[in-house]
Amino acid sequence: MSARTSAQQVAAQHAFVGLLAQPMITPATNRELLRLVVRHQQPLSEAARRLGYRIQRVGQAARLIRVPVGGTATVPPRPSDAPSRRLLALMCLIAACCEEVSGTVTLQRLSDMVRDVCAAPGVQVSHYDPDIKSERRQLRDAAALLARWGVLNRRTSDEKMLEEWTEDGSGPGAGYEVDRDALLLMTSPDVLAAALQPEPANADATRTIRLLRALVETPAVLYADLDPPDADTLRRHRSRYASYLAQMTGGAIEARQEGILLVLHDGDGRPPTVADWPRAKAADWVALLAADQAGRDGVRHDDGTVHLTRVLVDELIDDLIRSRGAYMNDRQKADPQVVLDDAQRVLTELGLLRVTGDGGWVLLPPVARYRDPDVLYPETTSRTSSAAEMTIVEFA
């Protein structure tokens, strides 16, 4: 492989991983990534086809479309900042209203249009009342989501104007320009049809696509979570799948007895694909230490999972408070339930923990990547300081 070809392949991998992290791009949201996508469209389209995706371009906007395979979609752990259903509904309503906008529009005008659409006969969406502050806040956040995806480009930078509209309902709020290329990609009828009325597909025929997509979209693929034919296929073809994924993403496969995960490396200003964890925050280091202790206290099974009953979980949290409570924040010190909630929330979002119906824990095999951590306390940190000042972390 020549140096020139290698550089081109690396650039195409950066573009593909960038699209995975930021599926819709415009010049306003990521000009450099858009340039790479346009330049390397052929290898990107081939990589997308292998995963059952497709890349669509309209003017100066591009989108990676995740077409459901056989009516099913891969479901990664839900992140804490995922939009609520109401926020998504308001975002769709704003997008629908933008179809009637030419040029620029204010947030106040969009608010009026959304109110009128909700009140129209036959529209099955909860009423939107712009006279209620909480509703205006949600509409502001929905517009911000559309701006993040490139459908709206904010033309005014006066935060005070936006705050006055949100908090008091006065003034125009903010000014936006509608990116019609991005809007068309977002509201494309064939994309909506693929999502709402997917074509049936044979499970055997789509097995490779489903497994590759799971490796790309979820933190890890565990054999115990797969049906026997899928697990057998993944074991037999993991070297071939690793080659595919390395070629497409530049990442590396980490194969364990319990399953496989794809390791990607962020950098070069690309959108992040790897969770920033553990950070120097109280909830993160509590979760880290709880996971480590749970791995020691729980019952280990052949599939790599570790089980703890609710009683063991409560004892673990009590032990953690006794040994590290002096370094916790005020809310954690005051209530063990806060420590438990913080640990469970963080570990669940990362795909490292499942909480059973009776409150027990099932630690998943990827937790082993974080075993034996050392949490370092800087000499300047007093025992009454916030846990956010602590330095994390080294792993065995």
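**A closer look at the overall build of the protein chain**
Argument step 1. Of the regular secondary structure elements, the protein chain holds 16 helices and 15 strands.
Argument step 2. Long-range pairs, those at least 24 residues apart, make up 64% of the contacts in the protein chain between residues at least 6 apart in sequence.
Argument step 3. In the structure as shown, the protein chain presents an accessible area of about 20,500 Å², 50% of it carried by carbon and sulfur atoms.
Argument step 4. Counting 47 positive and 53 negative side-chain charges, the protein chain places the averaged centre of each group 5 Å from the other.

**Looking at the sheet that holds strand β4 (residues 104-106)**
Argument step 1. Strand order in the open sheet formed by three strands is β4-β6-β5, and the pairing between neighbours is antiparallel. With partners counted over all chains shown, the strands left at the sheet margins are β4 and β5 (152-154), one partner each. Sheet twist, expressed as the average angle between the axes of neighbouring strands with direction ignored, equals 35 degrees.
Argument step 2. Inspection of the sheet shows β5 paired to strand β6 (residues 175-178) by three bridges, in the antiparallel sense. What sits directly across from Asn153, in β6, is Glu177.
Argument step 3. The strands that helix α5 (residues 107-119) touches are β4, β5 and β6; relative to β4, the one it contacts most, it runs at about 75 degrees.

**Quick word on the confidence of the model for the protein chain**
One rule of thumb: low pLDDT means the predicted coordinates there are not for detailed reading.
Argument step 1. Put simply, the protein chain has an average pLDDT of 89, and 93% of its residues get 70 or more.
Argument step 2. Within the model, the stretch residues 383-388 combines pLDDT values under 50 with 12 contacts to residues more than four positions away or in other chains.

**Details of the sheet that holds strand β3 (residues 61-66)**
Argument step 1. Here three strands make up an open sheet; going across it, the order is β1-β3-β2 and the pairing antiparallel. Pairing within the sheet leaves two strands with one partner each, and these edge strands are β1 (24-25) and β2 (53-58).
Argument step 2. Against the sheet, helix α3 (residues 41-50) engages β2 and β3, with an angle of about 140 degrees to β2.

**A few points about the packing of helix α4 (residues 85-98) against α5**
Argument step 1. Interaxial distance between α4 and α5 falls to 9 Å at its minimum, and their mutual angle equals 105 degrees. If you check the angle between α4 and α5, you find them roughly perpendicular. Packed against α4, whose contacting residues are Leu90, Leu93, Ile94, Cys97 and Cys98, the element α5 presents Leu110, Met113, Val114, Val117 and Cys118 at the interface.

**Let's talk about the environment of Tyr244**
Argument step 1. Position of Tyr244 relative to the elements: it lies in helix α12 (residues 238-249).
Argument step 2. Counting along the chain gives 197 residues from Tyr244 to Ala47, while the straight-line C-alpha distance between them is 8.7 Å.
Argument step 3. Excluding residues that lie within four positions of it along the chain, Tyr244 makes contacts with Arg50 and Leu212.

**Some words on the pairing of strand β9 (residues 259-263)**
Argument step 1. The buried fraction of β9 is high, at five of five residues.
Argument step 2. A two-sided burial pattern is seen for β9, the buried positions comprising Gly259, Leu261 and Val263 on one face and Ile260 and Leu262 on the other.
Argument step 3. Relative to β9, strand β7 (residues 221-222) is paired through two bridges, and the arrangement is antiparallel. Bridging across to β9, Val221 finds its partner in Ile260.
Argument step 4. As paired strands, strand β8 (residues 252-255) and β9 are joined by four bridges and run antiparallel to one another. Looking at β9, one finds that Ala255 is bridged to Ile260.
Argument step 5. Where β8 folds back onto β9 in an antiparallel hairpin, the turn is made up of three residues.

**Observations regarding unusual backbone geometry**
Argument step 1. The peptide bond linking Trp277 to Pro278 adopts the cis configuration, its omega dihedral lying at -5 degrees.
Argument step 2. For Pro278, the position within the fold is in the loop between β9 and α13 (282-297).

**Describing the domain arrangement of the protein chain**
Argument step 1. Domain assignment breaks the protein chain into domain 1 (7-72 + 203-263), domain 2 (85-185) and domain 3 (282-369).
Argument step 2. Taken over C-alpha atoms, the centre of domain 2 sits 40 Å from the centre of domain 3.

**Considerations on the pattern of salt bridges**
Argument step 1. Per the stated rule, a full pass over the model turns up 27 salt bridges.
Argument step 2. Its salt-bridge partner being Glu99, residue Arg180 comes within 3.8 Å of it at the nearest N-O pair. Placement of the pair is Arg180 in helix α8 (residues 180-186) and Glu99 in the loop between α4 and β4, with a sequence separation of 81 residues.
Argument step 3. A residue is classified by how much of its surface remains accessible, and Glu99, at 39% relative accessible area, is partly exposed.
Argument step 4. Note that Arg115 and Asp116 form a salt bridge whose closest N and O atoms lie 3.1 Å from each other.
Argument step 5. Several salt bridges share partner residues, and in doing so they unite Asp204, Arg207, Arg210 and Asp230 into one network.

**With respect to the environment of Thr166**
Argument step 1. With respect to the element layout, Thr166 can be found in helix α7 (residues 159-168).
Argument step 2. It is 5.7 Å that separates the C-alpha atoms of Thr166 and Arg137, two residues lying 29 residues apart in sequence.

**Regarding the environment of Pro219**
Argument step 1. Relative to the helices and strands, Pro219 resides in the loop between α10 (207-217) and β7.
Argument step 2. Taking the C-alpha atoms as reference points, Pro219 and Pro121, separated by 98 residues in sequence, lie 44 Å from one another.

Parameters and conventions
- Residues numbered from 1 in each chain as written.
- Predicted model: local features only at pLDDT ≥ 70, side-chain atom pairs only at ≥ 80, totals over all residues.
- Heavy atoms only, no water.
- Helix = DSSP H or I, 4+ residues; strand = E, 2+ residues; numbered from the N terminus.
- Contact = heavy atoms within 4.5 Å.
- Areas by Shrake-Rupley, 256 points an atom, 1.4 Å probe, with all protein chains shown as cover.
- Lys, Arg positive; Asp, Glu negative; His and termini not counted.
- Charge placed at Lys NZ, Arg CZ, Asp CG, Glu CD.
- Pairing = 2+ DSSP bridges.
- Axes fitted to C-alpha atoms, helices over the stretch in contact; angles between N-to-C directions.
- pLDDT = per-residue confidence, 0-100.
- Parallel < 35°, antiparallel > 145°, perpendicular 65-115°, else oblique.
- Buried < 20%, exposed > 50% of the residue type's maximum accessible area, 1.4 Å probe, protein only.
- Domains from an automatic or database assignment.
- Salt bridge = Lys/Arg side-chain N within 4 Å of Asp/Glu carboxyl O.

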